[in-house]
Amino acid sequence: MNSTAFHNANILVPKNSVDMYKWSVIACDQYTSEPEYWNQVYSNVDSSPSTLNLILPELYLEDDDVASRIGNIHDSMNKYLSDGIFDEYSNAMIYVERMQSNGILRQGIVGAIDLEKYDFSKGSTSEVRATEATVIERIPPRIKVRQGAPLELPHIMILIDDPDNTVIEPLAAKTASMNKLYDTELMQNGGSIKGWLVDENAQEAVDTALSALADPDTFNSKYGLSNSHVLLYAMGDGNHSLATAKEFYEQLKKANPGKDLSNHPARYALAEIVNLHSPALKFEAIHRLVYNVDCEKLVSELTDSLALSEDAVSDQYIILCSNGSDKKLYINKKSSNLSVGSLQNFLDKFLKDNGGKIDYIHGADTVKALADKHNGLGFILPDMDKSQLFPTVIKDGALPRKTFSMGHAEDKRFYIEARKITE
């Protein structure tokens, strides 16, 4: 069992007495420019047990009271454990069916990723890899949440390239004989979700199928390579959350030289694997919102730097949104193979030199509205073909950060399962 980086784990799920509608809350890195969304979540939850009390929405990451928020998170985790609101399932995997807001079914399996087989650094050849550049500065604030926390809750989604549907999809036919752990609607247009406990025989079938995908000869033939290191698991969502878990584990090892930590809970991170070929996964661009800047200066320097024009003489373009209007501009001086890379390279330098704020926004209409709201600039980017993800990461390494999103914000992972990360 567990011949690849994906393992079973001791997974915590709330008892039947918990209201799962109020328990389940969307990933903390969503709606970072929309406090009204989170205000409504707090109103929905009220005083009920909820993962809302166990996470730090990134909207509040730079607030003055962030330290007390983190303290409250740890207190809530300890209270929920002492109150006995969880059932713990040993050596478990959970098969998940998520009905998205658009009515399309997404299937996945929740288990644990071995962090020894994950490396987010540039040029990594590990079995688990980042698909976008990891911003090191974003990790320390998240480690503060993990330090002293008895639990982890994942919004990590990891992709496998399984065109023949050998790993996850066969579980759908077995649900009648499985123990259903939860079945609930999700708040704020999040659709619904069901989860079943995967029995030992089915876990063995999952592991066998994953091992077949990880066969070096099969892998190299699939991508037209020779003697290349196998990439079996590519990050989909939660890149910085997995990087935080990795960094926390590495710090633990450094703080305990000579100690055997091979079986320590912090060696693993709870995650959901999903097939890249799921019809529910639609790759969409993540757009940019820039504000608290001199907009005229930015546009002028951007135009010069990327040789922007309205003439369609390039395959790269952006749509610039400003003052209630938008304009399609082609990039004639590229600094990346993707439009998003050319734009991001410029914005990184401009904001470093001039200050200002940048946010990463899902949905073209949203970025337009927020550009007007903040008197800033919106940049709408073209979508990426998901079939290019694995070949690009294998051959070129991680993509520019925030290159793509899998679907709309309301369809992101909701927190349900938890796992103990302390001995």
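Every chain begins its residue count from 1, and numbering advances along the sequence as written. pLDDT decides what is reported in this predicted model: residues at 70 or higher carry local features, side-chain atom pairs at 80 or more are listed and counted, and totals for whole chains, interfaces and linings draw on all residues regardless. For the side-chain quantities, the full set of heavy atoms in the structure was used; hydrogens and water were omitted.

## Details of the overall build of the chain
Note the threshold: Only DSSP runs of H or I reaching four residues or more are called helices, and only runs of E reaching two or more are called strands; each is numbered from the N terminus. The reference for a compact globule is 2.2 Å times residues^0.38; the radius of gyration itself is calculated from the C-alpha atoms. Here the term buried applies to any residue with accessible area under 20% of the maximum for its type, exposed to any over 50%, and partly exposed to those in between, with areas from a 1.4 Å probe on protein chains only. Whether two residues are in contact is decided by their heavy atoms: any pair within 4.5 Å suffices. Values of accessible area rely on a 1.4 Å probe in the Shrake-Rupley scheme; residue burial ignores everything except the protein chains shown. By the counting rule applied here, Lys and Arg register as positive and Asp and Glu as negative, while His and the ends of each chain are not counted. Think of each charge as sitting on NZ of Lys, CZ of Arg, CG of Asp or CD of Glu.
The number of helices and strands found in the chain is 11 helices and 23 strands. Taking 423 residues into account, the globule formula puts the C-alpha radius of gyration at 22 Å, and the chain, at 22 Å, falls close to it. By principal-axis analysis of the C-alpha atoms, the chain measures approximately 60 × 55 × 50 Å. Within the chain, buried positions represent 55% of all 423 residues. Counting contacts in the chain only where the partners sit at least 6 residues apart, residues at least 24 apart contribute 76% of the total. Accessible surface, the chain as shown: approximately 18,100 Å² in total, 45% of it carbon and sulfur. When the 42 positive and 60 negative side-chain charges of the chain are each reduced to one mean point, those points stand 2 Å apart.

## Observations concerning the packing of aromatic side chains
Using the following cut-off: Planes of paired rings set the category: under 30 degrees apart is stacked, over 60 is edge-to-face and the rest tilted, where pairs are Phe, Tyr or Trp rings (Trp by its six-membered ring) whose centres lie within 6.5 Å.
One pass over the full model with this rule turns up 12 aromatic pairs. Look at Phe-283 and Phe-404: their rings are 4.4 Å apart centre to centre, the planes differ by 5 degrees, and that puts the pair in the stacked class. Linking Phe-283 in strand β15 (residues 283-285) with Phe-404 in strand β21 (residues 404-406), this pair joins segments that are 121 residues apart in sequence. Judged by its relative accessible area of 4%, Phe-404 falls in the buried class. By the ring-pair criterion, three or more aromatic residues cluster together here, those being Trp-23, Tyr-80 and Phe-86.

## As for unusual backbone geometry
Of note in the backbone geometry, Tyr-31 takes a positive phi value of approximately 55 degrees without being a glycine. Positionally, Tyr-31 belongs in the loop between β3 (25-26) and α2 (35-45). In the Ramachandran plot, Asn-323 falls in the positive-phi region, its phi being about 55 degrees despite a non-glycine side chain. Here Asn-323 lies in the loop between β17 (317-322) and β18 (325-330). For Asn-323, a relative accessible area of 75% puts it in the exposed group.

## What to know about the sheet that holds strand β20 (residues 377-380)
Backbone hydrogen bonds are what pair the strands of a sheet, in a parallel or an antiparallel way. Stated formally: In this analysis, strands are considered paired if DSSP registers two or more bridges between them. To obtain an axis, a line is fitted to C-alpha atoms, over the contacting stretch when the element is a helix, and the angle between two such axes runs from 0 to 180 degrees between their N-to-C directions.
With respect to topology, five strands assemble into an open sheet ordered β18-β17-β20-β16-β19, the strand pairing being antiparallel. One side of each edge strand has no neighbouring strand; the edge strands of this open sheet are β18 and β19 (357-361). Each strand axis lies, on average, 20 degrees off the axis of its neighbour in the sheet, ignoring direction. By the bridge criterion, six bridges tie β17 to β18 in an arrangement that is antiparallel. If you follow Cys-321 over to β18, its bridge partner there is Asp-326.

## A look at the environment of Ser-226
Within the fold, Ser-226 resides in the loop between α6 (216-222) and β13 (233-237). Along the chain, Ser-226 and Pro-216 lie 10 residues apart, while their C-alpha atoms are 9.1 Å from each other.

## Here's the deal with the packing of helix α8 (residues 295-306) against helix α9 (residues 339-354)
Heads up, the rule is: Any angle that falls under 35 degrees is termed roughly parallel, while one over 145 is termed roughly antiparallel, one within 65 to 115 roughly perpendicular, and all others oblique. Should the near helix be turned counterclockwise from the far one by less than a right angle, the crossing is left-handed, whereas a clockwise turn marks it as right-handed. Each residue is assigned to one of three groups, with Ala, Val, Leu, Ile, Met, Phe, Trp, Tyr, Cys and Pro labelled nonpolar, Asp, Glu, Lys and Arg labelled charged, and all others, Gly among them, labelled polar.
At a minimum axis distance of 11 Å, the contact between α8 and α9 shows a crossing angle of 135 degrees. Relative to α9, the element α8 lies oblique. Pair α8 / α9 crosses with right-handed handedness. Note on element contacts: α9 touches α8 through Ser-342, Leu-343, Phe-346, Leu-347, Phe-350 and Asn-354, opposite Lys-297, Leu-298, Glu-301, Leu-302, Ser-305 and Leu-306. Counted by class, the contact of α8 with α9 contains seven nonpolar, three polar and two charged residues.

## Some words on the nonpolar core
Counted only if it meets this: Among buried residues, the Ala, Val, Leu, Ile, Met, Phe, Trp, Tyr and Cys ones that are joined through side-chain atoms within 4.5 Å form a nonpolar core.
In terms of nonpolar packing, the biggest core is built from 59 residues, with Val-167, Tyr-233 and Leu-389 touching the most fellow members. Apart from residues lying up to four places away in sequence, Tyr-233 is in contact with Thr-4, Ala-5, Phe-6, Glu-127, Val-128, Arg-129, Ile-158, Leu-159, Ile-160, Leu-210 and Ile-273. Of all hydrophobic cores here, the second largest spans 49 residues; its members include Ala-9, Ile-11, Leu-56 and Leu-186.

## Considerations on the pattern of salt bridges
The condition that has to hold: In what follows, salt bridge is the name for a side-chain nitrogen of Lys or Arg lying within 4 Å of a carboxyl oxygen of Asp or Glu.
A complete count under the given rule lists 22 salt bridges for this structure. Salt-bridge contacts for Glu-250 lead to Lys-246; the nearest nitrogen and oxygen are separated by 3.1 Å. Residue Glu-250 and its partner Lys-246 are located together in helix α7 (residues 239-255), separated by four residues, close to a single helical turn. With a closest N to O distance of 2.6 Å, Glu-272 and Arg-413 form a salt bridge. On the criterion of sequence distance, the pair formed by Glu-272 in strand β14 (residues 268-275) and Arg-413 in the loop between β21 and β22 (414-415) is long-range, its members being 141 residues apart. Residue class for Glu-272 comes out buried when judged on its relative accessible area of 3%. Through salt bridges with shared partners, a single network forms among Glu-116, Lys-246, Glu-250 and Lys-253.

## Quick notes on the pairing of β14
In terms of burial, β14 is a largely internal element, eight of the eight residues being buried. Along β14, one buried face is formed by Tyr-268, Leu-270, Glu-272 and Val-274 and the opposite face, lined by Ala-269, Ala-271, Ile-273 and Asn-275, is buried too. Across six bridges, the pairing between strand β6 (residues 105-114) and β14 is antiparallel. For Val-110, the partnering residue across the bridge sits in β14 and is Glu-272. Sheet analysis places strand β10 (residues 157-160) next to β14, joined by four bridges and oriented parallel. The residue of β14 that forms the bridge with Ile-158 is Ile-273.

## A short note on the environment of His-7
Condition: Each polar contact in these results corresponds to two N or O atoms within 3.5 Å; when the atoms are within protein, one needs to be able to donate a hydrogen and the other to accept it, and residues that are neighboring in sequence are counted only if both atoms are side-chain atoms.
Considering the arrangement of structural elements, one finds His-7 in strand β1 (residues 6-7). The class of His-7 is buried, set by a relative accessible area of 13%. Distance from His-7 to Ile-55, taken between C-alpha atoms, is 24 Å for residues 48 residues apart in sequence. Once residues within four sequence positions are removed from consideration, His-7 is found in contact with Asn-2, Met-93, Gly-111, Ala-112, Asp-114 and Tyr-268. Looking at His-7, its side chain comes within polar contact range of the main-chain oxygen of Thr-4, at 3.3 Å.

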